[in-house]
Amino acid sequence: MKTHLKRIRRDKYLYLMLLPGVLFMLLFRYLPMGGLIIAFKDFSLRKGIWKSAWAGMENFTFIFTQNPDFYQIVKNTLEINLLKLLFSFPMPIVLALMINEVRGVRLKKWIQTSVYLPYFVSWVVFGGIVIQFLSPGTGIVNRLIQAFGGSSIPFLQEERYFKGIVVVTDIWKGAGWGTILYLSALTGIDPEIYEAAKIDGAGRLKTIWHISIPGISDTIVVLLLLQIGAMMDVGFEQIYVLCKPILYSVGDVISTYVYRVGIGNAQFSMTAAVGLFQSAVGLTLIVICNRICRTFFDKSLW
Amino acid sequence: MRKRKKISLSYMGIVMALLLFSFLCILPFWYVFISSISDPLKLRTGDVRLFPNGFSMQSYRIVLKERRFYRGLLVTLIRTVAGTGLGLFIQSMTAYVLSRKSFGGRGFFSRMVVFTILFNGGIIPNYLIMQQLHLLDTIWALILPMVFNPWNVMLLVSFFAAVPDSIEESAKLDGANDLVIFFRLAAPLSKPALMTILLYISVRHWNELMDGVIYINMDRLKPLQVYLIELIMRSSVQNMVEPSENFVTALSIQTTVIFVSCLPILTLYPFVQRFFVKGIMAGGVKG
């Protein structure tokens with residue numbers, strides 16, 4: 001006990017420096033976690049979070065048994081994320097492996113600079129451009145289709161294209177920047193290993209397969225785990241920008257639904273229950289996958 | 001003398017594919033630029049492709065007269081400057097403390113930070129907390145929630161961990177306390193890393209849409225991104241254009257506003273992008 005106090009005393013300036021950060025973390029990260037109790041309450045704005053009456057599991061029974069929207073948004077969320085896992089996730093890996101093959105330093109720099117760029121503009125700006133590209137009649141994409149003899153397609157008004165558009169624009173905006181962690185791992189590989197492989201007569205594919213990919217496998221695992229942890233979470237902004245009300249049946253995801261119904265229609269408790277379900281499933285997924293990774297591949301996040 | 005290596009077919013293929021993707025990544029920005037300066041009528045009929053068609057600054061004149069645009073810009077500027085200053089200050093202090101191996105609370109507080117990455121309260125509790133704190137419809141709603149960011153803190157921890165212990169020890173022998181060591185030694189030594197985080201935070205603030213949508217109702221406080229999305233989605237262009245100017249089409253005004261609002265990023269990006277890269281490269285290796 002005494003040594004404890006002594007250490008705290010010794011570290012008093014460190015604690016002082018830590019204080020504001022911890023305060024903000026408690027206020028804006030942990031307090032909202034506590035606020036999740038309204039998922040078990042019948043929240044009324046007048047009574048506030050603490051004084052509202054308890055409702056037990058009522059909100060959960062409601063979303064699971066009487067709210068068909070719930071299954072729709074969970075299905076949309078999972079479908080979009082599965083597609084992203086299948087197509088968006090491998091793209092930065094492929095791109096990074098390709099960039100790693102480029103020999104000219106300036107060419108490499110130029111390519112990197114341009115592929116990172118879309119990441120740094122907002123979804124509003126990028127989505128706004130996508131909307132213009134895809135607009136029927138005047139958009140560049142439909143102009144191309146028409147030039148090849150096809151007829152104009154109203155991309156953002158038809159349900160069957162929406163999920164594809166979400167994945168493609170996700171790759172377009174994010175795949176370039178996504179390469180950065182892989183490239184940083186690739187620069188850590190000793191160039192002599194590549195030299196040795198070359199002398200042994202290994203071709204391009206062989207060196208990529210036997211040297212580059214093993215060199216980034218740790219990074220792949222970490223990012224894969226994080227991606228799986230975000231399985232229940234489709235970014236709000238991309239959907240909010242691209243998804244018009246006529247596309248809600250395919251494009252409405254948990255975050256946009258919670259915002260619209262929860263705050264828009266003041267159904268706080270019900271949507272907080274949806275949010276808690278989302279966060280809890282996300283946490284469970286990442287914990288389970290982390291354990292699997294640790295047992296089978298000896299790699300883990302923590 | 002330089003030896004000319006034979007360029008293989010597979011190498012050509014890789015470079016061509018990468019150049020194509022680079023082109024696709026630049027294309028959107030080029031396209032909004034040429035659209036914004038093209039003749040609005042040509043734009044409306046879809047006759048603008050890869051190069052400007054006709055020339056008109058009419059839409060710029062309208063946009064730059066628009067009060068709501070300036071208000072959005074001002075709100076975004078304020079939140080970006082204040083949010084970045086506050087965020088960098090607090091995140092770097094937090095990270096420095098968590099990077100000190102001798103610090104007793106290191107394990108506990110680090111776990112506390114990581115847990116906020118794995119689990120969060122979500123939209124509704126966040127909204128209600130903001131309401132309880134009476135922060136809705138204030139500029140603080142756009143600044144305070146973003147002050148603490150666990151990802152940045154973890155990244156900074158790995159930078160500060162690289163500051164050699166010997167520097168700290170010798171400063172302590174000279175009688176310096178931890179505050180002095182941080183502000184006089186560790187922070188100046190980690191300038192490139194702090195620069196990286198500074199840029200991250202400011203780009204996030206500039207581009208952030210969601211908090212403006214959720215926390216701000218008052219027109220006066222709507223940040224640029226919210227103004228933009230209202231312009232793009234709800235086509236609130238009509239009330240910007242007077243009947244005498246109606247040859248300037250909505251499309252032309254939208255492209256102009258989009259272009260103007262990403263201009264700061266486009267102009268600064270070439271100069272600062274090495275910081276983004278350097279920062280991640282140095283921090284990312286250790287995961």
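Residues numbered from 1 in each chain as written. Chains lettered and ligands numbered in written order. Predicted model: local features only at pLDDT ≥ 70, side-chain atom pairs only at ≥ 80, totals over all residues. Heavy atoms only, no water.

A.B. asks: Looking at this structure, I do not really get a nonpolar patch on the surface. What am I missing?
C.D. replies: Residues and elements named next belong to chain B. On the surface, Leu20, Phe23, Leu24, Trp30, Leu50 and Phe51 cluster together to form a nonpolar patch covering roughly 590 Å² of accessible area. Its place among the elements puts Leu50 in the loop between helix H2 (40-44) and helix H3 (58-63). What makes Leu50 partly exposed here is its relative accessible area of 36%. (Patch = residues over 30% accessible without salt bridge, like charges linked within 9 Å, V, L, I, M, F, W, Y side chains within 5 Å. Areas by Shrake-Rupley, 256 points an atom, 1.4 Å probe, with all protein chains shown as cover. Salt bridge = Lys/Arg side-chain N within 4 Å of Asp/Glu carboxyl O. Helix = DSSP H or I, 4+ residues; strand = E, 2+ residues; numbered from the N terminus. Buried < 20%, exposed > 50% of the residue type's maximum accessible area, 1.4 Å probe, protein only.)

A.B. asks: Before we go on, may I ask you to explain the packing of helix H4 (residues 67-99) of chain B against helix H9 (residues 178-189) of chain B in this structure?
C.D. replies: Helix packing for two helices is described by the angle between their axes and how far apart those axes are. Residues and elements named next belong to chain B. Contact geometry of H4 with H9 gives a least axis separation of 12 Å together with a crossing angle of 115°. Considering the angle they form, H4 stands roughly perpendicular to H9. Pair H4 / H9 crosses with right-handed handedness. The residues of H9 that touch H4, namely those facing Phe89, Ser92, Met93 and Tyr96, are Asp178, Ile181, Phe182, Phe183 and Ala186. Looking at the contact of H4 with H9, its residues break down into 7 nonpolar, 1 polar and 1 charged. (Axes fitted to C-alpha atoms, helices over the stretch in contact; angles between N-to-C directions. Parallel < 35°, antiparallel > 145°, perpendicular 65-115°, else oblique. Left-handed = near helix turned anticlockwise from the far one by under 90°. Contact = heavy atoms within 4.5 Å. Nonpolar A, V, L, I, M, F, W, Y, C, P; charged D, E, K, R; others polar.)

A.B. asks: So what exactly am I meant to see when it comes to the layout of surface pockets here?
C.D. replies: A probe matching the size of a water molecule, rolled over the atoms, marks out where space remains unfilled. Approximately 1100 Å³ is the volume found for the second largest pocket. Together, 31 residues line the second largest pocket, and Asn100, Glu101, Val102, Arg103 and Lys108 of chain A are the ones closest to its centre. Elements with a contribution of two residues or more to the lining of the second largest pocket: helix H6 (90-101), helix H7 (105-116), helix H10 (159-187), helix H11 (191-199) and helix H12 (204-229) of chain A together with helix H13 (250-284) of chain B. Of the residues contributing to the lining of the second largest pocket, the split by class is 12 nonpolar, 8 polar and 11 charged. (1 Å grid on protein atoms, 1.4 Å probe; cavity = no way out; pocket = protein on both sides within 12 Å on 5 of 7 lines; lining within 4 Å. Points joined across faces, edges and corners; volume = space filled by probe spheres on them.)

A.B. asks: Just checking my understanding: could you explain the nonpolar core for this structure?
C.D. replies: Counting 173 residues, the largest nonpolar core has Tyr116 and Phe162 of chain A as its most contacted members. Counting 6 residues, the second-largest nonpolar core is a separate cluster that includes Val75, Leu142, Ile143 and Leu221 of chain B. (Core = buried A, V, L, I, M, F, W, Y, C linked by side-chain atoms within 4.5 Å.)

A.B. asks: What am I meant to see in unusual backbone geometry here?
C.D. replies: Only a minority of non-glycine residues have a phi that is not negative, and only a minority of peptide bonds are not trans. Although it is not a glycine, Ala266 of chain A sits at a positive phi angle of roughly 55°. Locating Ala266 of chain A in the fold gives a position in the loop between helix H15 (254-264) and helix H16 (268-297). Positive phi, close to 55°, is recorded for His134 of chain B, a residue that is not glycine. Structurally, His134 of chain B can be placed in the loop between helix H6 (123-132) and helix H7 (150-160). A relative accessible area of 68% means that His134 of chain B is categorised as exposed.

A.B. asks: For this particular structure, what's the right way to read the interface of chain B and chain A?
C.D. replies: The partner chain A presents 92 residues to the 98 residues of chain B that form the contact. Both sides together, the interface formed by chain B and chain A hides about 8700 Å², and carbon and sulfur atoms give 78% of it. At the boundary of chain B and chain A, one finds 0 salt bridges. Here chain B is connected to chain A by 15 residue pairs in polar contact (both at pLDDT 80 or more). The element contributing the most residues to the side of chain B that touches chain A is helix H1 (residues 9-37) of chain B, with 17 residues. (Buried area = accessible area lost by both parts, 1.4 Å probe. Polar contact = N/O pair within 3.5 Å; in protein donor to acceptor, adjacent residues only side chain to side chain.)

A.B. asks: For this particular structure, what's the right way to read the environment of Arg204 of chain A?
C.D. replies: Structurally, the position occupied by Arg204 of chain A is in helix H12. When the C-alpha positions of Arg204 of chain A and Glu101 of chain A are compared, they lie 8.6 Å apart, and in sequence the two are 103 residues distant. Discounting chain neighbours no more than four positions away, the residues touching Arg204 of chain A are Glu101 and Arg103 of chain A together with Ser8, Ser10, Tyr11 and Ile14 of chain B.

A.B. asks: Explanation requested: helix H8 (residues 123-134) of chain A in the structure shown.
C.D. replies: Given 3.6 residues per helical turn, the α-helix brings residues three or four places apart onto the same face. Residue and element names in this part refer to chain A. Compared with the 16 Å implied by 1.5 Å per residue over 12 residues, the 16 Å span of H8 between its first and last C-alpha is a close match. Across the 12 residues that make up H8, a large majority, 12, are buried. Among the residues of H8, Trp123, Val124, Val125, Phe126, Gly127, Gly128, Ile129, Val130, Ile131, Gln132, Phe133 and Leu134 are the ones counted as buried. (Expected span 1.5 Å × (residues − 1).)

A.B. asks: Sorry, what's going on with the packing of H7 of chain B against helix H10 (residues 191-207) of chain B here?
C.D. replies: All names here are of chain B. In the contact formed by H7 and H10, the axes pass within 10 Å of each other and the chain directions differ by 170°. One finds that H7 runs roughly antiparallel with respect to H10. Across from Asn152, Leu155, Leu156, Phe159 and Phe160 in H7, the residues of H10 making contact are Ala193, Leu194, Ile197, Tyr200 and Ile201. A per-class count over the contact of H7 with H10 returns 9 nonpolar, 1 polar and no charged.

A.B. asks: What's the story with the environment of Asp233 of chain A in this structure? I'm lost.
C.D. replies: All names here are of chain A. You can see Asp233 is positioned in the loop between H12 and helix H13 (236-242). Given the relative accessible area of 41%, Asp233 is considered partly exposed. Once the C-alpha coordinates of Asp233 and Asn81 are considered, the two residues, 152 residues apart in sequence, prove to be 7.9 Å apart. In this structure Asp233 touches Thr77, Asn81 and Gln278, once residues within four positions along its chain are discounted.

These values are about where atoms sit, not about what they do.
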